[in-house]
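Descriptive analysis of the structure
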Amino acid sequence: MSLELKKAIEQISKDKGLDRDMLVSTLEEAVRTSVIRKYGDDLDVEVRYSDDTGDIEVFQFKFVVEEVENPLTQISLEDARQHDASIQLEDEMGFRLKVEDLGRIAAQSAKQVIIQRMRDAEQELIYDEFKDRVGEIVSGIVQRRDKGGWVVNLGRTEALLAKEEQIPREHYKRNDPIKALIIDVRREGRGPQVIISRAHRDYMAALFRREVPEVDDGSVQIMGVARDPGSRAKVAVLSRERDIDPVGACVGVRGSRIQSIVQELHGERIDIVVWNPDIVTYARNALAPAVVSHINADEANNLLEVTVPDDQLTNAIGRKGQNVKLAAKLLGWKIDIFTESRYNEANAVGRGLEQVASVAEIAADRLMEAGFGSLDALRSATDAELAEKLELSEARIADLRAAVNFLSPVVGGEAAEAEEE
């Protein structure tokens, strides 16, 4: 039995990758727990495992007293001297107990404790291993469908590919090989839960690190990723070396590198965007393949007003708004897109309002805040409304109306021309 126990400890340590000293400590604690359960908490017990023989030795300790009140913890001086003639009062004396005397129930209890401790230790090892692998691509085998998604066998443990982490329109079946990114490792009652993803934007970045040596060594840096998983993505890159073209490095010779990533993602289209610290230049790059006429950046509101030629509106917005949505996500700015004709029309009206404000000596912002955003709004307003909202005298109202009447033909002509164009 002793040799069997010794072999079992060695085998479990080797197969499960568990620390041998931890297994021995667990075994000793399990036996101690069983003894305490059988005889009571008052018992002072020490358990030792012999590495040489594989034997488990259990020692019970008692104090030497004149009169015994608790036989589990005390022994009389007379009885103690039958074992050791030199023993004195208040000395502590140890007696070896037979493990076999624990009984079948106690032995079974010890076995359960050992199994549970080993399971806990193995789960802790798995957690420690995988928590340091967050952000790493792993390969596995699709095992079964779970209510939360698909369970994937990673070898030492299982991972969950949740529904929201799957690429839309991808279909899996049992025993399919699969690659995904570890995005989280959680402690749970049944053991560590590894969460993997194929839809996460970091999976795209990890694929570039795997396929593009310049990205892996830091010569080319990925500055941002925006994805519509399974359909399209934009990846912003920046070269840290003057003689390295970041786009060319990511695409590879004849597109070999980018094609490997596209194939792994089952046809997801990828736009490589050159990052730039200037938001206007970065936005032009991000909106490609659309041609951009000009961009106004409202930094206070993180808003970009983008003007494109009329025939580029479809390219700029993209199918179902995909191009502009991905660009906005990549930039972290809101984007409003205008055609040139619409922009010119709005500007003609705006310039007219500014001109009227200048002639009438009223701030244009004041007109806007009062609700007069166009010449038509000023023209249709009554004197009472102008006096109340703008706090103007009759003379100032007359000056304002004169300015509107004088400039209306000019502004109206510009707006009409813009509309015709």
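Right above here is the structure, for reference.
Residues numbered from 1 in each chain as written. Predicted model: local features only at pLDDT ≥ 70, side-chain atom pairs only at ≥ 80, totals over all residues. Heavy atoms only, no water.

1. Focus: the overall build of the protein chain
Definition in use: In DSSP terms, a helix is any run of H or I states spanning at least four residues, a strand is any run of E spanning at least two, and both are numbered starting from the N terminus. We call a residue buried when its accessible area falls under 20% of the maximum for its residue type, exposed when it is over 50%, and partly exposed in between, using a 1.4 Å probe and counting protein chains only. Only the protein chains shown count as cover for residues, and all accessible areas are computed by the Shrake-Rupley method using a 1.4 Å probe.
Counting secondary structure elements, the protein chain contains 16 helices and 15 strands. Expressed as a percentage of the 421 residues in the protein chain, the buried residues total 42%. Element-wise, carbon and sulfur atoms account for 46% of the exposed surface of the protein chain, whose accessible area totals about 24100 Å².

2. Let's talk about the sheet that holds strand 7 (residues 158–162)
Counted only if it meets this: When DSSP finds at least two bridges between two strands, those strands are taken to pair. Every axis corresponds to a line fitted to the C-alpha atoms, with the helix fit spanning only the stretch in contact, and the corresponding angles, defined between N-to-C directions, vary from 0 to 180 degrees. Every residue pair with non-hydrogen atoms within 4.5 Å of one another is taken to be in contact.
With mixed pairing, the 5 strands of this closed barrel are ordered in space as 5-6-7-9-8. For this sheet, the mean inter-axis angle between neighbouring strands, taken without regard to orientation, is 55°. Docked against the sheet, helix 5 (residues 201–211) engages strand 5 (137–146), strand 8 (177–186) and strand 9 (193–197), running at close to 120° with respect to strand 8.

3. Overview of the sheet that holds strand 14 (residues 303–308)
Ordered by their spatial adjacency, 3 strands build an open sheet running 13-14-15, and the pairing between neighbours is mixed. With one partner strand each, in any of the chains shown, strand 13 (294–298) and strand 15 (334–339) form the two edges of the open sheet. Shown here is a sheet whose adjacent strand axes are inclined to one another by a mean of 20°, direction ignored. Sitting on the sheet, helix 11 (residues 322–331) touches strand 14 and strand 15, and the angle it makes with strand 15 is about 140°.

4. A closer look at the layout of surface pockets
We apply this condition: Computed over the protein atoms alone on a 1 Å grid, cavities are sets of points where a 1.4 Å probe fits but cannot get out and pockets are open sets with protein on both sides within 12 Å along at least five of seven lines; a residue lines them when it has an atom within 4 Å of a point. Grid points are joined across faces, edges and corners, and a volume is the space filled by probe spheres set on the points. Each residue receives one of three labels: charged for Asp, Glu, Lys and Arg, nonpolar for Ala, Val, Leu, Ile, Met, Phe, Trp, Tyr, Cys and Pro, and polar for the others, Gly being one of them.
The space that makes up the second largest pocket amounts to roughly 510 Å³. Thr-157, Glu-158, Arg-190, Pro-192 and Gln-193 are the residues nearest the centre of the second largest pocket, which is lined by 19 residues in total. Counting residues per element, the ones that place at least two in the lining of the second largest pocket are helix 4 (104–131), strand 5, strand 6 (149–153) and strand 7. In the lining of the second largest pocket, the residues fall into 5 nonpolar, 7 polar and 7 charged.

5. Regarding helix 9 (residues 279–286)
Here is the rule we go by: In this description, one arc is meant: the one made by directions from the helix axis to the C-beta atoms.
Restricting attention to buried positions, one finds in helix 9 the residues Ile-279, Tyr-282, Ala-283 and Ala-286. Along the long axis of helix 9, the arc covered by the buried residues comes to 100°, so they all point the same way. For helix 9, the secondary structure elements touched by its buried residues are strand 11 (232–239), strand 12 (269–274), strand 13, strand 14 and helix 11.

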